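Observations on the three-dimensional arrangement
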Amino acid sequence: MAHVPIRRRFVHVGDRVVHYRRAGNGPPVILIHQSPRSSAGLIPLIEALSRRCTVFAFDTPGCGDSDPLPQSKAGMRHFADALAATMDALKISKAAVFGTKTGSCIALELARRHPHRVRGVVLDSLPIFT
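Note that the coordinates shown come from a computational prediction; the quantities given were computed from them, not determined experimentally. (Residues numbered from 1 in each chain as written. Predicted model: local features only at pLDDT ≥ 70, side-chain atom pairs only at ≥ 80, totals over all residues. Heavy atoms only, no water.)

The next point concerns the side chain of Arg16. Mapped onto the fold, Arg16 is located in strand β2 (residues 16-23). Of the side chains with opposite charge, Asp67 comes closest to the buried, unpaired Arg16, at an N-O distance of 6.5 Å. Engagement of the side chain of Arg16 in a polar contact is seen with the backbone oxygen of Asp67, the distance being 3.2 Å. Apart from residues lying up to four places away in sequence, Arg16 is in contact with Val11, Pro61, Asp67, Pro68, Leu69, Pro70, Ala82 and Thr86. (Helix = DSSP H or I, 4+ residues; strand = E, 2+ residues; numbered from the N terminus. Buried < 20%, exposed > 50% of the residue type's maximum accessible area, 1.4 Å probe, protein only. Lys, Arg positive; Asp, Glu negative; His and termini not counted. Salt bridge = Lys/Arg side-chain N within 4 Å of Asp/Glu carboxyl O. Polar contact = N/O pair within 3.5 Å; in protein donor to acceptor, adjacent residues only side chain to side chain. Contact = heavy atoms within 4.5 Å.)

Okay, structure coming up:
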C-alpha cells in the first residue's frame, strides 16, 4: 500500500495554539494520546487508520507542542470541552474517537459532555481514579 503522509499542523483555539497531526481521507477519526506524552506516540495508528479515514491526532493541552489550558487545576471536563472547541475550529462536526490511558478519560468525557459530536468511542486502558 502507498504511504500516506502525516502532516504536522497548528490551529488557534481562542488564546491557545493546538498542535496536531493529520493524515488520510475519509470519515474523521480523532486520536488522543496518554499524558504526559504527545501525538507522536500514535504515529503507527495514524498510519494504519489514514488508509481509510482522515485522522486527527491532537497534542492534548500542555503536552507536546500544544499550549496548556488556562485553569490551574484543569479536570477532564476542561480537556473534553477544549477538544470540542478544537473540533469547532477545524469544522469537525462529528467523529469517531480513540483514546489511550488518560486520553481514554478525555474521550469518555467528550462523549458524555458532547454526545452529538461523537460517532463512537474506543477506549484503550481506561484508568479509574479515586
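Together, Leu108, Val121, Leu123, Leu126 and Ile128 give the surface a local cluster of nonpolar side chains, amounting to about 410 Å² of exposed area. Positionally, Ile128 belongs in the segment after β6 (118-124). Residue classification places Ile128 among the exposed positions, given a relative accessible area of 69%. (Patch = residues over 30% accessible without salt bridge, like charges linked within 9 Å, V, L, I, M, F, W, Y side chains within 5 Å. Areas by Shrake-Rupley, 256 points an atom, 1.4 Å probe, with all protein chains shown as cover.)

Turning next to the sheet that holds strand β5 (residues 95-100). Sheet architecture is open: six strands sit in the order β1-β2-β4-β3-β5-β6, paired in mixed fashion. Edge positions in the open sheet fall to β1 (7-13) and β6, since each of these has one partner strand only. On average, each strand axis in the sheet is tilted by 25° relative to the strand beside it, whichever way the strands run. Pairing geometry for β1 and β2, over seven bridges, is antiparallel. Looking at β2, one finds that Arg9 is bridged to Tyr20. (Pairing = 2+ DSSP bridges. Axes fitted to C-alpha atoms, helices over the stretch in contact; angles between N-to-C directions.)

As a further point, take the pairing of β6. Side-chain direction in a regular strand flips from residue to residue, so the side chains alternate between the two faces of the sheet. Here six bridges tie β5 to β6, and the two strands are oriented parallel to one another. Directly across from Phe98, in β6, lies its bridge partner Val122. At this point the chain moves from β5, through helix α3 (residues 102-113), to the parallel β6, and the crossover so formed is right-handed. (Right-handed = clockwise from strand over helix to strand, strands pointing away.)

Further remarks concern the nonpolar core. Grouped together as the largest cluster of nonpolar side chains are 22 residues, with contacts concentrated most on Ile30, Ile32, Phe58, Leu83, Val97 and Leu110. The set of elements that each furnish at least two residues to this core consists of β1, β2, β3 (28-32), β4 (54-58), α2 (76-89), β5 and α3. No other element matches the six residues that α2 contributes to this core. Membership of the second largest hydrophobic core comes to nine residues, among which are Val29, Leu42, Val55 and Phe98. (Core = buried A, V, L, I, M, F, W, Y, C linked by side-chain atoms within 4.5 Å.)

All right, on to the environment of Ile43 then. Tracing the sequence through the fold places Ile43 in helix α1 (residues 43-49). Considered as a pair, Ile43 and Ile6 are 37 residues apart in the sequence and their alpha carbons are 8.3 Å apart. Those residues in contact with Ile43 that sit more than four places away from it in its chain are Ile6 and Arg21.

Before going further, it helps to examine the packing of α2 against α3. In helix packing, the relevant descriptors are the interaxial angle and the interaxial distance, both defined with respect to the helix axes. Orientation of α2 relative to α3, taken along the N-to-C sense of each, is 70°, at an axis distance of 8 Å. If you check the angle between α2 and α3, you find them roughly perpendicular. In this structure, α2 contributes Met76, Arg77, Phe79, Ala80, Asp81, Leu83, Ala84 and Met87 to the contact, and α3 contributes Thr102, Cys105, Ile106, Glu109, Leu110 and Arg113. The residue inventory of the contact of α2 with α3, partitioned by class, reads nine nonpolar, one polar and four charged. (Parallel < 35°, antiparallel > 145°, perpendicular 65-115°, else oblique. Nonpolar A, V, L, I, M, F, W, Y, C, P; charged D, E, K, R; others polar.)

Applying the stated criterion to the full structure yields three aromatic pairs. Look at Phe56 and Phe58: their rings are 6.2 Å apart centre to centre, the planes differ by 10°, and that puts the pair in the stacked class. Phe58 shares its class with Phe56; the two are buried. (Phe/Tyr/Trp six-rings, centres within 6.5 Å; stacked < 30°, edge-to-face > 60°.)

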